[in-house]
Structure formats: structure tokens, C-alpha cells
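Below are the chains, spelled out letter by letter.
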Amino acid sequence: MTRKETQRAPAAHFPTFDLASASLSDAAPSAALTPFQALLKRLSAAYGPSGSEDPVRELVRAELKGLADQIRTDAFGNLIALRKGAGSGRKKIMLAAPLDEIGVMVTFIDARGFARFDLLGAVNPLTLLGARAQFENGAIGIFGRETRGAPRAEIETDALFLDLGAAAADALPVQVGAAACLTGEFRAADNFLYGKALGGRASCAVLLETWRRLKRVAHDVYCVFTVQSAVGARGAGAAAFALQPDVAFVVAPASAQDFPGGNSNLALGQGPAIVIQDQDMVASAAARQILLQTARRAALPYQIQARATHGGDGAPIQAAREGIVTGALGLPVRYLHTPSEMAHASDIENTIELLCGVLSNKTL
Amino acid sequence: MLLEKLSNARGVSGDESAVRALIAAHLQKHVDEYRVDALGNILAVKRASKRGARAPFRILVAAHMDEVGFLITHIDRDGLLRFEKIGGIDDRILPAQTVLIGAQAVPGVIGLKPRHLSTESERKQVVAADALRIDLGASGRADAQRVITPGAYATFATQFSTFGDNCARGKALDDRAGCALLCELVRENFPFDLYAVFTTQEEIGLRGARVAGHAVAPNAALVLEATICDDASIRSRARAAQSFPPRAQAPITQLGAGPALTLADRRLLAHKGLTRAIAETARAEKIPFQYKQPLVGSTDAGILHRVRGGVPSAVLSVPARYIHSPAAVISLDDFQNALKLARAALPKFADALDA
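Residues numbered from 1 in each chain as written. Chains lettered and ligands numbered in written order. Predicted model: local features only at pLDDT ≥ 70, side-chain atom pairs only at ≥ 80, totals over all residues.

## Description of the overall build of chain B
Here is the rule we go by: Put simply, DSSP H or I for four residues or longer makes a helix, DSSP E for two residues or longer makes a strand, and each gets a number counted from the N terminus. Note on method: radius of gyration uses C-alpha positions; expected globular size equals 2.2 Å times residues raised to 0.38. Three exposure classes are used, all based on how many other C-beta atoms lie within 10 Å of a residue's own C-beta (placed from the backbone): buried at 20 or more, exposed at 12 or fewer, and partly exposed between those limits. Note on contacts: residues are paired as contacts if their backbone-placed C-beta atoms lie within 7 Å.
Helix and strand counts for chain B come out as 11 helices and 17 strands. Here chain B has a C-alpha radius of gyration of 21 Å; the compact-globule value for 355 residues is 20 Å, and the two agree. By the burial criterion, 50% of the 355 residues in chain B qualify as buried. Partitioning the intrachain contacts of chain B with sequence separation of at least 6 by distance along the chain shows that 77% fall at a separation of at least 24.

## Some remarks on the packing of helix H8 (residues 285-297) of chain A against helix H10 (residues 345-360) of chain A
Any two packed helices are characterised by how steeply their axes cross, that is the angle between the axes, and by the distance between the axes. Residue and element names in this part refer to chain A. The condition is simple: Angles run from 0 to 180 degrees between N-to-C directions of axes, and those axes are lines fitted to C-alpha atoms, restricted for helices to the stretch in contact. Should an angle fall under 35 degrees it is called roughly parallel, over 145 degrees roughly antiparallel, and 65 to 115 degrees roughly perpendicular, with every other angle called oblique.
Between H8 and H10, the least distance of the axes is 9 Å, while the angle of their chain directions is 110°. Classified by the angle their axes make, H8 and H10 are roughly perpendicular. Facing Ile-290, Leu-291, Thr-294 and Ala-295 of H8, the residues of H10 in contact are Leu-354, Gly-357 and Val-358.

## Considerations on the sheet that holds strand E17 (residues 341-344) of chain A
Residues and elements named next belong to chain A. Here is the rule we go by: The criterion for strand pairing is that DSSP finds at least two bridges linking the strands in question.
Taken together, three strands build an open sheet; the order of strands is E10-E11-E17 and the sheet is antiparallel. Two strands lie at the open edges of the sheet, namely strand E10 (187-189) and E17, each paired on one side alone. The average undirected angle you get between the axes of adjacent strands in this sheet is 25°. Where E10 lies against strand E11 (residues 192-195), three bridges are found, and the strand directions are antiparallel. Within the sheet, the bridge partner assigned to Ala-189 lies in E11 and is Phe-192. Contacts from helix H6 (residues 198-213) reach E11 and E17 within the one sheet, and its direction differs from that of E17 by about 40°.

## Concerning the packing of helix H8 (residues 272-285) of chain B against helix H10 (residues 332-345) of chain B
All names here are of chain B. Definition in use: Here is the rule for handedness: rotate from the far helix to the near one, and if that takes an anticlockwise turn smaller than a right angle the crossing is left-handed, while a clockwise turn gives right-handed. Polar here means any residue other than Ala, Val, Leu, Ile, Met, Phe, Trp, Tyr, Cys and Pro, which are nonpolar, and Asp, Glu, Lys and Arg, which are charged; Gly is therefore polar.
Direction vectors running N to C along H8 and H10 enclose 115°, while the axes themselves pass 9 Å from each other. What the angle tells us is that H8 and H10 run roughly perpendicular. Judged by the twist between their axes, the crossing of H8 over H10 is right-handed. In contact with Ala-277, Ile-278, Thr-281, Ala-282 and Glu-285 of H8, H10 contributes Leu-341, Ala-344 and Ala-345. The class makeup of the residues in the contact of H8 with H10 is six nonpolar, one polar and one charged.

## A look at the domain arrangement of chain B
All names here are of chain B. Let me state the cut-off plainly: Domain start and stop points were drawn from an automatic or database domain assignment.
As assigned here, chain B comprises domain 1 (2-67 + 171-354) and domain 2 (70-156). Listed by partner, the interface residues are 11 residues for domain 1 and 11 residues for domain 2. Split into classes, the residues belonging to the side of domain 1 that touches domain 2 amount to three nonpolar, three polar and five charged.

## Points about the sheet that holds strand E13 (residues 247-255) of chain A
Residue and element names in this part refer to chain A. Taken together, the eight strands give an open sheet; going across it, the order is E1-E2-E12-E3-E13-E16-E14-E15, and neighbouring strands pair in mixed fashion. Edge strands, defined here as strands with exactly one partner in the open sheet, are strand E1 (70-73) and strand E15 (303-307). Within the sheet, the average angular offset between the axes of one strand and its neighbour, ignoring direction, is 25°. In terms of strand pairing, strand E14 (residues 273-277) meets strand E16 (residues 325-333) through two bridges, oriented antiparallel. Bridged to Ile-274 within E16 is Leu-329. Set on the sheet, helix H5 (residues 54-63) makes contact with E1, strand E2 (79-83) and strand E12 (220-226); between it and E2 the angle comes to about 10°. This element, H8, spans E13, E14 and E16 of the sheet and lies at about 50° to E16.

## A short note on the pairing of strand E6 (residues 132-135) of chain A
Residues and elements named next belong to chain A. Of the two faces of E6, only the one carrying Ala-133 and Phe-135 is buried; Arg-132 and Gln-134 on the other face are not. The pairing of E6 with strand E7 (residues 140-145) spans three bridges and is classified as antiparallel. From the neighbouring strand, Arg-132 faces E7, where its bridge partner is Ile-142. Count of turn residues in the E6/E7 antiparallel hairpin: four residues, of which Gly-138 carries a positive phi of about 95°. Here E6 pairs with strand E9 (residues 179-182) via three bridges, running antiparallel. Counted as the bridge partner of Gln-134 is Cys-181 from E9.

## A look at the interface of chain A and chain B
In this complex, chain A contributes 23 residues to the contact, which on the side of chain B involves 18 residues. With four residues, helix H7 (residues 236-243) of chain A is the largest single contributor of residues to the side of chain A that touches chain B. Here the residues of the side of chain A that touches chain B sort into nine nonpolar, seven polar and seven charged.

## A word on the domain arrangement of chain A
Residue and element names in this part refer to chain A. Taken domain by domain, chain A comprises domain 1 (31-101 + 184-360) and domain 2 (103-182). Taking only C-alpha atoms into account, the centre of domain 1 sits 30 Å from that of domain 2. If you look at the interface, domain 1 gives 17 residues, while domain 2 gives 14 residues. Tallied by class, the residues present in the side of domain 1 that touches domain 2 amount to seven nonpolar, eight polar and two charged.

## Looking at the nonpolar core
Note the threshold: Think of a nonpolar core as buried Ala, Val, Leu, Ile, Met, Phe, Trp, Tyr and Cys residues, each tied to the set through C-beta atoms within 7 Å.
Formed by 194 residues in total, the largest nonpolar core has its most connected members in A:Leu95, B:Val61, B:Leu182, B:Val197 and B:Ala342. In this structure B:Val197 touches B:Asn41, B:Ile42, B:Leu43, B:Leu60, B:Val61, B:Ala62, B:Ala212 and B:Val216, once residues within four positions along its chain are discounted. Listed in part, the 24 residues of the second largest apolar core include B:Val68, B:Leu81, B:Val106 and B:Ala144.

## Observations regarding the environment of B:Leu263
Looking at the secondary structure, you find B:Leu263 in the loop between strand E14 (260-261) and H8. Looking at B:Leu263, the number of C-beta atoms within 10 Å reads 26, which means it is buried. Separated by 37 residues in sequence, B:Leu263 and B:Ala226 place their C-alpha atoms 15 Å apart. Excluding its chain neighbours within four sequence positions, the residues that come into contact with B:Leu263 are A:Gly177, B:Ala270, B:Thr275, B:Tyr291 and B:Pro294.

## Comments concerning unusual backbone geometry
Here the amide bond leading from B:Asp174 into B:Asp175 is cis, since omega sits at 15°, within 30 degrees of zero. Considering the arrangement of structural elements, one finds B:Asp175 in helix H5 (residues 173-185). Look at A:Ala197: it is not a glycine, yet its phi comes out positive at around 60°. Counting through the fold element by element, A:Ala197 comes out in the loop between E11 and H6. For B:His324, which is not a glycine, the phi torsion comes out positive at approximately 65°. B:His324 sits in the buried class, given 21 other C-beta atoms within 10 Å.

If you want it as C-alpha cells, here you go:
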């Protein structure tokens, strides 16, 4: 349809609102959240840029209550939970999901109280204009941009700053080295869910919900909520070294671009992506087989991600000690690494079902 | 002065034996164990002076022995040497540098066409390293072959000296300053097992530290470094930028403002507890220090914190102007304060991790 054609019948495209109705208020959508959506909302809202994961870790630790036999935090800050399996011949399975999120770190503060920053993780500076940064102490900064002498089309981090509404440097509520996440309120628009850090946090929720659904697991299962994933998968390898699992599966967001002018073959609502390769790892054939067979047997939808454009927690896990059989599931997410990451409820559901199938398989 | 000997010692990444020998001679009087591993790292142990009730606490303190330099790749027919850069060296600083080549320290000069014969545009261009040659003063290939074989390493020829307001200049202060600090630290008695690790091949990808960290399996790590100090160049940049609105700029570190404490760099988000312990110690002991501007540069800690099950790691640096050049400049006050601070803060590490 051309633009001209759409303009001919505007009435059909724009529903009429009763301006007095409560349906326009911010509170309305959240009132209808399911318990699982409410969990996603809590996780998405939690603060946890790479290296500053304490708040989100404490939230996940609380959510693990009643689900795990042992919970600990390692020297790196990874949260490691164990659910013991029953029966002989059980294996040691590690599931990993990233706890941290992208963000920025204050690098210096000028005399007028504007904060300069650098990026934590794969943030596109384009997505920052007009967005807000939130610090651990709750302080909010607005991303601004130098306009004098700056080329219009390009945005470099050096030309951006954070305005915390401070009159001078000594009035600033944050210091050099403080990390901030982006803000972006969680919403559920039918099955489309969006919010900041949603991809990673939904991956964490997949692990929690998988355990919640399984009364009994056939194997010893470690759920590892990894730190510093967004800055180059720094935490996951340490956990894998300590646990020495027989097999590991990583659950992490995968960039879906099923939107106008998009550039990947992953789509929302088509099931979890079984990763063949990412930037730093070829997923172990044995682990891929387990995922594929489980999906087929249970008639679960899945997609194949032949080559992910980012690396992830898989590579350092696979390379730990003498090598660990490692597979990866990608949760399709649009607008990855922006304040509005969008996932689809059915993909989350099918990822959970797929993992439930894997963990219930006694002959793994 | 040990720092002087260390700066003058020649040890390009992969060829650290001369530096290692110098450090080994010093360590012998002070450490309980000493060994050199397969990658050439020195692993020395100074056991805790008093055994407490707790299990032995191991702190790995690292400084890298290697420096940036050159590898001779080929001798041309006319006796000039082709070379490759080892580590990060800016092509702009190469022409007309004097260098020392191989174990015999054969002198050479990196040559360039004279100004008289260069065109206006040539004078404004940077000549790429692969177009430059080292001149031995040899009459031809055969003459050069008598003193040099391809595979020899070359360093800048600068000799260390002190100057100015208690400053020092010399080559390789990144990271011989750290090596000198660590050599001083092993003289002390500590309530923990000090693993003094002098690493190799840091400048070409933190290669030695990986295996050293694995072998030691420490409870915590501190890396002693010499880091970027751009206070002088920022002033000149600001002047040069007067016609264009200069971006708000702050130096990465400042000379003479005390040792620099890392919050985060390109490969490390420093352990918050250890970093806080160092800062609190400095304040309590009234030792000046500064925070290094975050997310710039990287050190051996980028690997050390990831070995085995993870190692809480911190970095303390001596600010050094013009690093990776023939003449880095440090403040000896910063150096002494780094030593004081490391000495006072290390015993606090165990409690900082418990907290």
C-alpha cells in the first residue's frame, strides 16, 4: 500500500478514544498483568548494569526461594543456584542467563555539573538521545548532545553528556565511576512485551519459571545468573570453571529484526532460536542435538540462528577447563540494547517448555 | 636506583630475559620461593610473617616485565634493517630514534629522508613503520649480518635520568615502574602470602598473566602499572582547538597528583570492595591518590580477574606521560606514594572481601 492510499481512509486506522476513560492512564495495563508478567516487570525494572548487579541479583535470589537446594554468589558476583536431581546416572547441567544489562559509566564531571560517560556494553549512541539514565541511588540523568559544530548525522559518545539537573559539579548526586542503566517502563501489549533490559531479564525469568514448573528434575541442575555478560561475557567462564558441568545451555536474547528494513531472519513469535554459531563459539553438536530433538519430540516451534552477530556467555563456558559441551538458546528480541527491548510471550513460553523437556530427559 | 636499572634493561615482549635476570637477583634475598614458568613469568612467594587463625590468604601482585619495541624481520641488500613493531607504538614517533638491537645492544638509527629533499606534503605526512629502516652504519648486507640476525629484538636507546621537580624520564617505565614497586614490596613482611608475579608479553595481549594467574589461584589480585597521563597533552590540545569549540575534556590522570586507582578500564570492572579499601587506606594514611578516568586502557588485571573461578582484582598505577615512547615521564613522588599506598592497603584486602 502506498502512503497516498493510506491517507484516503484515515478513519479506519485511528480508533476514537473516550478521553475521560481510565484506559489511557499509565496504571491500566499493569493492573491486568499475570503473575509471570509481574515477575518480568520486576526483573526488567531492577537496576543492574555490568559490574553493578547487586540489586538485580538480590531480586533473583529472592525469587529463587523455594526453588533451589543451594544458593551462593561466587567471587565474580555470579548467582549460582543448585536443584538436586533424583536417581542414579544423573548428569550435571548448567543453565546460564545474563543478570546484567547495558548502561553507561560516568567518566568525568565538568565544572558546571554535566557528566560525561562511556558505554557499558553494545549501546548504540543513537538510541540515547532523549533517553534517561538511572543510577543505583535512584538519580536520573537525561542524555544530551553537544550541538555546536557537531555533524548532524553522526553521534559519537564523546559528544554526549548526562544532565542530572545539577547546578554545579559539587551538587551532583553521583561520582566518577558510577554506573547507570537506561530507563524504559515494562508494558505488556497483548503478547508483545517490552521494557528496558527485557531480553536478559526474560532469559532469567525463563530459568526461574522452568524450575517452578518442574516438580522433579532428572539431573543436578545449576542455574547460573551471570554478571558482566554485556561487556564481553566475563563472568560466565568463572562459574563454569567452578561447576564443571557435563553440559551447559545458555539462554540469552537474540536480535530479531522482523520489522521494516530489518536485517535478520529471526522473528518474534516463531519460537526460541537454537544457535548454531555466535561470534565466539560454535555451539557443541551434542548440545544442539539435545535442543533440536527435544523441540521436535514436543512439537515446539523453534528457529535456527545460523550465526549470531554477538558473542555471548557460551564461548567462555565452552572453553572452561578442558572444554564443556555447550548449547545456546536465543530468545528473539526486537530493539535489543535499547530502552525498549521487545519480546513475545509465546517465545518465552516455548523456551521454558523446551528447557523443561531437556531437564526431564533421563537419558541425556 | 633499582628503577633506573630496570628502565635501562632491555626486554621487548617475548624477550624478557635480561629484565628477569635483574629482578631475580633482587628477589633472592627477600622471597621464600622463586620459579620461572613456561611463559617466562617470575612467580615468587613471600610467606605470611605470622600465621593467623584463618587459612592462608594469597594475594597475587603483578607487574609486567615486557616493554614495547621492535623485531628485526629482514636485512636489505644495502644493510638496512626492516622491522615490525611489537606492542602499541605510534608511527609518528619513529623517525630519527636511536635504538639498541639484540643481546649485544648494537646501536642503530631509524632513518628518514632529510628535510631538504622532502616535499611540502611529505613533511606533513606520517611515514608508516613498514616504510622505515633501521640504519646500523653497515656497509652492506654481509656487514650487517656479522652483528645482527633477523629475529633480534630492538628497544629505544634512551638512558634513564631524573630531572625537573623530582621527575624521572626513561624508556619502558610502563611497566618497570610497577616492577620496581613490586621489588620494594617483597622487602616487607605481610600477614598474607604475597605472590610477586612479574609477567611477560603483557603488551601483546596479556599473555603471561593468564597462566600465572591460573598457577597461583589467588584470593585477590593487585596489578601495579604505569598508566596513561595526558595532562600535558590536554593543555596543548585545548590550545590547538581554540578555533573549534573544544569538547569538555578531563585528563585520564595527572602527574604529581598521586597514584591512580582504577575503577574500570577496557577489560576490567575493578572489584568494588578492594578499590574502596585502597581509597579508604589512602584517606586514612593521608596518602594522595587520584581516580583514573574510567574505561580507558587495560592491564594484566583484565585477564587475572577471569582466571579459574574468578579473582577479585584491583589496579594501582603510576601516571606516566608519553608511555610507549623513548621517554616516558613519571613523578617520583607518585612512585613513592604508590609504594606507600600498596604497602598499607594490601593487608586490608582479606577483610575487604569478607565485608
